[in-house]
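Next come the chains, spelled out residue by residue.
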Amino acid sequence: MTLKVNESEQGGWTVLHITGELDLVTSPEVRQRVHDAVAEGRHELVLDLSRVFFCDSSGVGVLIASRRLLHSCRGSLRLILPARGSEEGSHVNRVLAALGVRRLFEVFPDLPSAVDTEAQPLSA
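Treat the numbers as computed from the prediction; the structure is a model and nothing was measured.

K.L.:
Would you mind going over unusual backbone geometry in detail, with residue names and values included?
P.N.:
Here Arg-74, not a glycine, exhibits a phi torsion of approximately 60°, which is positive. Looking at where Arg-74 falls in the secondary structure, it is placed in the loop between helix H2 (57-72) and strand E4 (76-80).

K.L.:
Residues and numbers for the pairing of strand E2 (residues 13-22), please.
P.N.:
Among the 10 residues that make up E2, eight are buried, leaving the element largely enclosed by the rest of the structure. Note: strand E1 (residues 4-10) against E2, seven bridges, orientation antiparallel. Looking at E2, one finds that Glu-7 is bridged to Leu-16. In this antiparallel pair of consecutive strands, E1 and E2, the connection spans two residues, and Gly-11 shows a positive phi of 55°. Here eight bridges tie E2 to strand E3 (residues 44-55), and the two strands are oriented parallel to one another.

K.L.:
Quick rundown of the environment of Ser-66? Include the residues and the values.
P.N.:
The topology assignment puts Ser-66 in helix H2. With 11 residues separating them in the primary sequence, Ser-66 and Leu-77 have C-alpha atoms 7.6 Å apart. Dropping the residues within four chain positions of it, Ser-66 is found in contact with Val-34 and Leu-77. Reaching out from Ser-66, the side chain makes a polar contact with the backbone oxygen of Val-62 at a distance of 2.8 Å.

K.L.:
Quick one: what's the story with the pattern of salt bridges, residue by residue and with numbers?
P.N.:
The full count for this structure, using the stated rule, is five salt bridges. Residue Glu-40 pairs with Arg-42 through a salt bridge whose shortest N-O separation is 2.2 Å. Here Arg-78 and Glu-106 are joined by a salt bridge, their closest N and O atoms 3.2 Å apart. Here Arg-78 is found in strand E4, whereas its partner Glu-106 is found in strand E5 (residues 106-108), with 28 residues between them in sequence. According to the relative accessible area criterion, Arg-78 is buried, its value standing at 8%.

K.L.:
Any details on the nonpolar core? Residues and values, ideally.
P.N.:
Formed by 27 residues in total, the largest nonpolar core has its most connected members in Leu-47, Leu-49, Leu-79 and Leu-96. Where this core is concerned, the elements lending two or more residues are E2, helix H1 (27-39), E3, H2, E4 and helix H3 (90-98). In terms of residues, this core owes the most to one element, E3, which gives five residues. If we ignore the near neighbours within four places in the chain, the residues touching Leu-47 are Leu-16, Ile-18, Val-34, Leu-63, Leu-77, Arg-78, Leu-79 and Ile-80. With nine residues, the next largest nonpolar core counts Trp-13, Val-15, Val-115 and Ala-119 among its residues.

Cut-offs applied
For every chain, the first residue of the written sequence is number 1, and numbering continues from 1 onward in sequence order. With the structure being a predicted model, the display of local features is reserved for residues of pLDDT at least 70 and the display and counting of side-chain atom pairs for 80 or more, all residues being used for whole-chain, interface and lining totals. Hydrogens and water are ignored here; the side-chain numbers use all heavy atoms of the structure. Strands are runs of DSSP state E lasting at least two residues, helices are runs of H or I lasting at least four, and both sets are numbered from the N terminus onward. When accessible area is computed with a 1.4 Å probe and restricted to protein chains, residues below 20% of their type maximum are described as buried, those above 50% as exposed, and intermediate ones as partly exposed. At least two bridges found by DSSP between two strands is the condition for calling them paired. Contact between two residues is taken to exist if any of their heavy atoms lie within 4.5 Å; hydrogens are not considered. Throughout this description, a polar contact denotes any pair of N or O atoms lying within 3.5 Å of each other; where both atoms belong to protein, one of them has to be capable of donating a hydrogen while the other can accept it, and for residues adjacent in sequence the pair is counted only when both atoms sit in side chains. Every case where a carboxyl oxygen of Asp or Glu lies within 4 Å of a side-chain nitrogen of Lys or Arg is listed as a salt bridge. For this analysis, a nonpolar core means a set of buried residues of the types Ala, Val, Leu, Ile, Met, Phe, Trp, Tyr and Cys, connected via side-chain atoms within 4.5 Å.

What follows is the structure, given as structure tokens:
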């Protein structure tokens, strides 16, 4: 399966909608898109992972590197992963939890809550 990355703007946030597998082959594209957004001065970023059905350690590495990059420029990174128990996005949630890195991220169940500055992230 290939990876698709579509970009949109929502309430001051740049949203990267990612579909497919986030793995060794595809993760460099996500890394580049995050770097491009930051280079263009967009430091409020949401990664919509609700349609990512597979994520390996390379994908997790890109998520951690993206978090580090945005924090270094005083930006914010939010992830969209459906709540536990839902079919979509549950694989990424399980991988992040199994590796003990889920708590590093602000995770939201959907786009409206992810771009709402008053919304609280899901608990880890």
